[in-house]
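Per-entry structural report
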Amino acid sequence: MSRDSADFELSAEEMRALGYRVIDMIVEHHTTLGEKSATSYRHRGELEALLREAPPNAGSDPLEVLASVEKNVLSNIMYCTHPRHFAWVPGPSNYVSVLADALASGVNVCPGTWLESSGPSQIELIATDWLRELCGFPATGGGVFVSGGSVANLTGLVTARQIMLDGIMDDAIIYSSSQAHSSNWKNIRILGFRPEQTRLVPVDDRLRLDVAALARAVDEDRRNGKRPFCVIATAGTTNTGTVDPLDAIADLCEQQKLWLHVDGAYGAAAVLTERGRRLLAGMERAHSLVLDPHKWLFQPFDIGCCLVREVRWLEQTFSEHPEYLQDTRDKMDMSREVNFCDRGVQLTRAFRALKLWMSIKVFGLDRFGAAIDRGISNAETAQRLLEEQGCFEIVTPAELGVVTFRYRPPQSSEGDLNRLTRALFDDIVADGHAMLTTTMIDGQLVLRLCTINPRTTEDDIRSTIGMIARLGAATK
Ligand SMILES: Cc1ncc(COP(=O)(O)O)c(C=O)c1O
């Protein structure tokens, strides 16, 4: 490889050779994924032996480096796009968006300000507006793309704190249920609220936030001189796909003048389907709403979105105007153009909007809606097939693409079942045919399938359940 010793240029032929090899690897990955194990896991010692070295002073052939990445790095992962990856929330990415990411990175786009990136900023405006309209938010609303649900939730809660409390946090109280995603509790801590400023509201027998209990908690806090200011509801919980009673929570928030933050990182995209829309009714009344395109909108990691119903709230919360950015403001039409750095934490940021916009343009929204609908149906199919086997107990029925269950041999006690499920999980990982994970529901350790990958066929679900039944029967 001929190179100046002080730059990073490759020749055009070298760039093409490396690029074509990368594309071949990606295409091979996408077209043969279902034939491979869903997961591969190695211990640290083995990987240290394979990969550890001092940073080399001299370079080496990029194709050789790539071969080592293929052999030792990318072969040791859980394949989030795999048709039998049912763990946590899968990442059923799509190829068009993969290339959009490559393009955004290849051109090194930074849509932090309109001046540096007017075209990409316009695309982000359009893509966030598409999501805003789909979620039923008013035209005064708007959003910003961030790294994922955790940071999108942070963006919404920072905005709630700013707009509702104006920086005075004493005695302010925030409410959510045990089923809220852990990122919300982490964010509350990051924001500087103390544990006694949070209320864990009970859930009903369907694991939905209990609105009557929320109303009582708010009343009691007011009587005690506290300042209730925010409720976090979930539109599709990570554990069970449950949607909190959003309309009733929105009514209470309206009466009590509370900010409603809806975490729809997982479930909000189901608004593209008829049955999702029915389940998610009331989501459009949130003050801030999170939706993760890298979950159920089939985007490669990472992209999350925070929407607010008045976009000026984001700008009031996140704008800073240092002297070295004054040109960006002088040049722009402030009434129509946007510096996206004023809508969130990041100044330098990736052009995440491109992949979502390009894939919606290429496939069309109808295809997205049909793919989401298939994910909802797949969980129902899984429930039916589990019930047919006779050795499983459904713990929570299929909802928004999630079903939880246990392998239950006759005469097993509750204590036995938790131990058995733990052992069964280890066997499932070792087998590798499919990947799923466990969670706790009411103190029970359960297995959980999240079926949102549209590549998943009934055969994939059937063979996965067959594998669990076979391993379950052999587990001691
Ligand atoms: C409901 C919910 N909120 C937030 C998150 C966090 O999203 P991320 O992992 O993209 O940060 C998740 C992740 O699964 C989730 O299911």
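The rules behind the values
Residues numbered from 1 in each chain as written. Predicted model: local features only at pLDDT ≥ 70, side-chain atom pairs only at ≥ 80, totals over all residues. Heavy atoms only, no water. Axes fitted to C-alpha atoms, helices over the stretch in contact; angles between N-to-C directions. Helix = DSSP H or I, 4+ residues; strand = E, 2+ residues; numbered from the N terminus. Parallel < 35°, antiparallel > 145°, perpendicular 65-115°, else oblique. Contact = heavy atoms within 4.5 Å. Nonpolar A, V, L, I, M, F, W, Y, C, P; charged D, E, K, R; others polar. Expected span 1.5 Å × (residues − 1). Buried < 20%, exposed > 50% of the residue type's maximum accessible area, 1.4 Å probe, protein only. Polar contact = N/O pair within 3.5 Å; in protein donor to acceptor, adjacent residues only side chain to side chain. Domains from an automatic or database assignment. Buried area = accessible area lost by both parts, 1.4 Å probe. Salt bridge = Lys/Arg side-chain N within 4 Å of Asp/Glu carboxyl O. Near = heavy atom within 4 Å. Areas by Shrake-Rupley, 256 points an atom, 1.4 Å probe, with all protein chains shown as cover.

The geometry of a pair of packed helices is captured by two quantities: the angle between their axes and the separation between those axes. The interhelical angle for the contact between helix α14 (residues 353–363) and helix α15 (residues 365–389), taken along N-to-C directions, is 95°, at an axis separation of 6 Å. Our classification of the angle between α14 and α15 gives roughly perpendicular. Contact residues: Ser359, Ile360 and Phe363 in α14; Leu365, Arg367 and Phe368 in α15. When the residues that make up the contact of α14 with α15 are grouped by side-chain class, the tally is 4 nonpolar, 1 polar and 1 charged.

This next bit is on helix α4 (residues 95–107). Under the 1.5 Å per step criterion, the end-to-end length of α4 is 18 Å for 13 residues, consistent within 8% with the ideal 18 Å. Burial in α4 covers these residues: Val96, Ser97, Val98, Ala100 and Ala104. On its buried face, α4 sits against α1 (12–32) and α14. Sitting at the head of α4, Asn94 places a side-chain oxygen 3.1 Å from the backbone nitrogen of Val96. Remark: Asn108 follows α4 within two positions and exhibits a positive phi of approximately 55°.

Domain boundaries assigned for the protein chain yield domain 1 (9–41 + 78–92 + 365–476) and domain 2 (109–363). For domain 1 versus domain 2, the distance between C-alpha centres works out to 29 Å. Between domain 1 and domain 2, the contact holds 29 residues from the first and 27 residues from the second. Both sides together, the interface formed by domain 1 and domain 2 hides about 2500 Å², and carbon and sulfur atoms give 68% of it. When the buried surface of domain 1 facing domain 2 is broken down by residue, Phe368, Ile372 and Leu400 rank first, second and third, together holding 30% of it. Taken together, the connections running from domain 1 to domain 2 amount to 2 salt bridges. The closest approach of N and O atoms between Arg275 and Asp373, which form a salt bridge, is 3.1 Å. Our enumeration of links across domain 1 and domain 2 arrives at 7 residue pairs in polar contact (both at pLDDT 80 or more). Looking at the side of domain 1 that touches domain 2, the elements that each hand over two or more residues are α15, β8 (392–399), β9 (402–407), β10 (437–441) and β11 (444–450). Here the side of domain 1 that touches domain 2 takes 11 residues from α15, the largest share from any one element. Class assignment of the residues belonging to the side of domain 1 that touches domain 2 gives a composition of 16 nonpolar, 8 polar and 5 charged.

Before going further, it helps to examine the site of the ligand. Near the ligand you find 15 residues, and of these Gly149, Ser150, Thr238, Asp263 and His294 are the closest. Within the side chain of Thr238, one N or O atom sits 2.9 Å away from an oxygen atom of the ligand. In this structure, an oxygen atom belonging to the ligand sits 3.1 Å away from a side-chain N or O atom of Asp292. When the free accessible area of the ligand is taken as 390 Å², the share hidden by the protein chains comes to 83%. Elements supplying a minimum of two residues to the shell around the ligand: α6 (149–165) and α11 (293–296). Among the elements that line the shell around the ligand, the one with the most residues is α6, at 3 residues.

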